[in-house]
Amino acid sequence: MNKKKKFSQIVRDIKSVKIQGARNIARAALKAYSLVPTKASKKRLLDSRPTEPMMENVLELAEKTKDYKKILKHFDEAQNKINKKVCKLMKNKDVIFTHCHSTNVINALIYAKKKGRMFEVYNTETRPLFQGRKTARELRKAGIKVTMFVDSALGVALSKKQGTKKATKVFLGADAITSKGIINKVGSETIVRIAKQEKIPVYVMADSWKFTNKKLLLENRKLNEVWGKAPKGIKIKNPAFEFVPKKFVKKVITEEGKYLKISN
Ligand code: RUB
């Protein structure tokens, strides 16, 4: 495949959510841009997913420095620092609740498991695209005990009901960090509200390159993801992300400093 074709394939995969999660998107966008480093290709990549400041920050840096290797190194260095911080706050017998599929969260959990932490994970299936299955598979492969819940059972998963244990911590990833809070997969705001009611601390783990001052568009996705051949006259909404005010988040764990300033 020539460079242009490879570039277009990556754009398609980002658009179709085959490549998902802020970190994976930013990494793939960097690869695509390195194949065709033009202003037009940068724009095409940015247009493919409007709620991804990490992709924008990475592409800005790539355009300025052309030092792809150094940028790529950042992803792992940041993740390693996040892993260590997350591991410190985990306790044996923790029941960690997570949502969707966040590489920053999953890698931190796998690191904690390797370091001997004894815990289990509750996660959501994350309709309509079932990113929760990807999360469950990756965690299970690493030997972590996982229980997956349908999205509408998140109230059950967070509290002690119907034979479930109470979650002890909520771990969320983020697509964007802002001075007022974070943006993550739709459902996150409901999760943190229930967590607050249940007095469960919410931690967000995210690379600091997800920070933005810009006003972001919250992406709405294709309606047929929800209901392929819906009868005429039925309105469907498929919002992909939502804002989580910082008052609901105990700590935003990034690779920088102790904690990011937005933490309470
Ligand atoms: C993914 C999602 C993830 C963040 C952070 O949504 O909400 O929590 O992107 O992920 P989608 P990461 O599947 O719709 O892209 O930690 O991998 O950057």
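Just so we're clear, the structure is a prediction, and the values are computed from it rather than from any experiment.

The rules behind these values
Residues numbered from 1 in each chain as written. Predicted model: local features only at pLDDT ≥ 70, side-chain atom pairs only at ≥ 80, totals over all residues. Heavy atoms only, no water. Pairing = 2+ DSSP bridges. Helix = DSSP H or I, 4+ residues; strand = E, 2+ residues; numbered from the N terminus. Axes fitted to C-alpha atoms, helices over the stretch in contact; angles between N-to-C directions. Parallel < 35°, antiparallel > 145°, perpendicular 65-115°, else oblique. Left-handed = near helix turned anticlockwise from the far one by under 90°. Contact = heavy atoms within 4.5 Å. Nonpolar A, V, L, I, M, F, W, Y, C, P; charged D, E, K, R; others polar. Domains from an automatic or database assignment. Buried area = accessible area lost by both parts, 1.4 Å probe. Salt bridge = Lys/Arg side-chain N within 4 Å of Asp/Glu carboxyl O. Phe/Tyr/Trp six-rings, centres within 6.5 Å; stacked < 30°, edge-to-face > 60°. Buried < 20%, exposed > 50% of the residue type's maximum accessible area, 1.4 Å probe, protein only. Lys NZ or Arg CZ within 6 Å of the ring centre and 35° of its normal.

Q: How should the sheet that holds strand 3 (residues 145-149) be read in this particular structure?
A: Hydrogen bonds along the backbone pair up the strands of a sheet, which may run parallel or antiparallel. Strand order across the open sheet formed by six strands is 3-2-1-4-7-9, with parallel pairing between neighbours. The strands lining the two open edges of the sheet, one partner per strand, are strand 3 and strand 9 (251-253). Strand-to-strand, the axes of this sheet are offset by a mean angle of 25°, without reference to chain direction. Where strand 2 (residues 119-124) meets strand 3, five bridges bridge the pair, whose relative direction is parallel. Across the sheet, residue N123 finds its bridge partner in strand 3, namely M148.

Q: For this particular structure, what's the right way to read the packing of helix 2 (residues 22-35) against helix 3 (residues 39-48)?
A: Any two packed helices are characterised by the angle at which their axes cross and by the distance between the axes. For the pair helix 2 and helix 3, interaxial distance at closest approach is 9 Å and the crossing angle is 160°. Judged on the interaxial angle alone, helix 3 and helix 2 are roughly antiparallel. Viewed along their axes, helix 2 and helix 3 form a crossing whose handedness is right-handed. Every residue of helix 3 that contacts helix 2 at A29, A32 and Y33 is listed here: S41, K42 and L45. Partitioning the contact of helix 2 with helix 3 into residue classes produces four nonpolar, one polar and one charged.

Q: I keep staring at the domain arrangement of the protein and nothing clicks. Help me out?
A: Many analyses report the size of an interface as the accessible area lost when the parts associate. According to the domain assignment, the protein contains domain 1 (3-66) and domain 2 (79-253). On the side of domain 2, 24 residues touch domain 1, which itself brings 16 residues to the contact. Carbon and sulfur atoms supply 54% of the area buried between domain 1 and domain 2, which totals about 1700 Å² over both sides. When the buried surface of domain 1 facing domain 2 is broken down by residue, Q20, R23 and T51 rank first, second and third, together holding 33% of it. Where domain 1 touches domain 2, the interface holds two salt bridges.

Q: Any chance you could explain the packing of aromatic side chains here in plain terms?
A: One pair of aromatic rings is described through two measures. These are the centre distance and the angle between the planes. As enumerated under the stated definition, the model contains three aromatic pairs in all. Pairing Y33 with Y68 gives two aromatic rings, centres 6.5 Å apart and planes at 75°, and the pair type is edge-to-face. Taken as a pair, Y33 in helix 2 and Y68 in helix 5 (residues 68-89) lie far apart in primary sequence, 35 residues in all. Using a relative accessible area of 1% as the deciding quantity, one classes Y33 as buried. Judged by its relative accessible area of 22%, Y68 falls in the partly exposed class. A centroid spacing of 6.0 Å and a plane angle of 90° characterise the contact between F171 and Y203, whose relative ring orientation is edge-to-face. In this pair, F171 sits in strand 4 (residues 169-172) while Y203 sits in strand 7 (residues 202-205), placing the two residues 32 residues apart along the sequence. When the ring centre of F241 is taken as reference, the NZ or CZ atom of K185 above it lies at 5.0 Å.

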